[in-house]
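For reference, the chains in residue letters:
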Amino acid sequence: FHDNTLLPHLVNQQDVDYALAVEMTKRFYADPLCSSFMRLPGLKVEHEYYRKNVFGFWGKCKADGAHKPMNAVLELKGLNVENQKAFDEAIDRFDYDQGAAWYSECSHLHRILIAAVSKKNTSMLFKKLIVHGDPIYQHGVEKVMRAKRLINEFVGDLKVEDVLRD
């Protein structure tokens, strides 16, 4: 689904999941918001961002779609969910909230749109807009900080400057 939607020229049509990916892509583009986002002039697909200090770490992320004038990142997902509640739970379970915080801080873009098409029922599309500072974003930051504490327990109080100096 991901490659079929963003990089169709790289897709192997002989792949066992190709037909599913095509149906998921059709559903994604049938949505007015998703379709409009993908047609924005200046949209960067699979764009990488690098930052020196993201939550105290060297930061790197690759946005499925990024549009600076809209201050937005698009993150595509193919999930085995069939309702909004299951999608919302997947955001927490698969740490997409943590990813949204990371994308926001790395890219300096403050709207993260997660769009997911159900693998079980390709007619179903779920969307969640996470805005810098909102409760889902804050929950993601808490996960990042929890991971940072664990890393610091393991390697000590490592600073970005120490890593970059070597």
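Residues numbered from 1 in each chain as written. Predicted model: local features only at pLDDT ≥ 70, side-chain atom pairs only at ≥ 80, totals over all residues. Heavy atoms only, no water.

### Focus on the overall build of the chain
From N to C terminus, the chain includes seven helices and five strands. Sequence-ordered secondary structure for the chain, helices as α and strands as β, is α-α-α-β-β-β-α-α-β-β-α-α. Against the globule reference of 15 Å for 166 residues, the chain gives a C-alpha radius of gyration of 17 Å, in line with a compact fold. Here the C-alpha coordinates of the chain stretch approximately 50 × 35 × 30 Å along the principal axes. Taken over 166 residues, the chain has a buried fraction of 39%. Across the chain, contacts joining residues at least 24 apart in sequence account for 63% of those joining residues at least 6 apart. Total accessible area computed for the chain in this model is approximately 9500 Å², and 54% of it derives from carbon and sulfur atoms. For the chain, the distance from the average position of its 23 positive side-chain charges to the average position of its 23 negative side-chain charges is 4 Å. (Helix = DSSP H or I, 4+ residues; strand = E, 2+ residues; numbered from the N terminus. Rg over C-alpha atoms; globule rule 2.2 N^0.38 Å. Buried < 20%, exposed > 50% of the residue type's maximum accessible area, 1.4 Å probe, protein only. Contact = heavy atoms within 4.5 Å. Areas by Shrake-Rupley, 256 points an atom, 1.4 Å probe, with all protein chains shown as cover. Lys, Arg positive; Asp, Glu negative; His and termini not counted. Charge placed at Lys NZ, Arg CZ, Asp CG, Glu CD.)

### Digging into the layout of surface pockets
Space inside the largest pocket adds up to approximately 160 Å³. Counting only elements with at least two residues in the lining of the largest pocket, the list comes to helix H3 (32–38) and strand E4 (111–118). When residues in the lining of the largest pocket are grouped by element, the largest group, three residues, is from H3. Taken together, the residues that form the lining of the largest pocket break down as seven nonpolar, one polar and one charged. (1 Å grid on protein atoms, 1.4 Å probe; cavity = no way out; pocket = protein on both sides within 12 Å on 5 of 7 lines; lining within 4 Å. Points joined across faces, edges and corners; volume = space filled by probe spheres on them. Nonpolar A, V, L, I, M, F, W, Y, C, P; charged D, E, K, R; others polar.)

### With respect to the packing of aromatic side chains
Tallying each qualifying case throughout the model produces six aromatic pairs. Taken together through their ring pairs, the aromatic side chains of Phe-1, Phe-28 and Tyr-29 make up a single cluster. (Phe/Tyr/Trp six-rings, centres within 6.5 Å; stacked < 30°, edge-to-face > 60°.)

### Details of helix H2 (residues 18–30)
Its 13 residues place the ends of H2 18 Å apart at the C-alpha level, agreeing with the 18 Å of an ideal helix rising 1.5 Å per residue. Along H2, the positions that sit buried rather than exposed are Ala-21, Met-24, Thr-25 and Phe-28. Considered in projection along H2, the buried side chains sweep an arc of 100° and stay on one side of the axis. Pointing more than 90 degrees away from the buried face of H2 are the exposed residues Ala-19, Lys-26 and Ala-30. Along its buried surface, H2 packs onto helix H1 (2–6), H3, strand E3 (72–79) and E4. (Expected span 1.5 Å × (residues − 1). Arc of directions from axis to C-beta.)

### Side note on the pattern of salt bridges
Taken as a whole and assessed by the stated rule, the structure comprises ten salt bridges. Notably, a salt bridge pairs Glu-23 with Lys-26, separated by 3.5 Å at the nearest N-O pair. With Glu-23 and Lys-26 both in helix H2 and three residues apart, this pair spans about one turn of that helix. Between Asp-95 and Lys-143 there is a salt bridge whose closest N-O contact spans 2.8 Å. Of the two residues, Asp-95 is situated in the loop between helix H4 (84–93) and helix H5 (96–107) and Lys-143 in helix H6 (residues 135–155); the sequence distance between them amounts to 48 residues. Its relative accessible area of 33% is what places Asp-95 among the partly exposed residues. For Lys-143, a relative accessible area of 8% translates into the label buried. Here the residues in one salt-bridge network are Asp-92, Asp-95, Asp-97 and Lys-143, joined through shared partners. (Salt bridge = Lys/Arg side-chain N within 4 Å of Asp/Glu carboxyl O.)

### Points about H6
Taking 1.5 Å per residue as the helical rise, H6 with its 21 residues ought to reach 30 Å, and the 30 Å between its terminal C-alpha atoms agrees with that figure. Those residues of H6 lying buried are Tyr-137, Gly-140, Val-141, Lys-143 and Val-144. Taken down its axis, H6 places every buried residue within 155° of arc, on the same side. Opposite the packed face of H6, turned more than 90 degrees from it, sit the exposed residues Pro-135, Leu-150 and Glu-153. Buried residues along H6 sit in contact with H4, H5 and strand E5 (125–131). If you check the start of H6, you find a side-chain oxygen 3.1 Å away from the backbone N of Ile-136, and it comes from Asp-134. Downstream of H6 by one or two residues, Gly-156 has phi in the positive range, about 90°. (Polar contact = N/O pair within 3.5 Å; in protein donor to acceptor, adjacent residues only side chain to side chain.)

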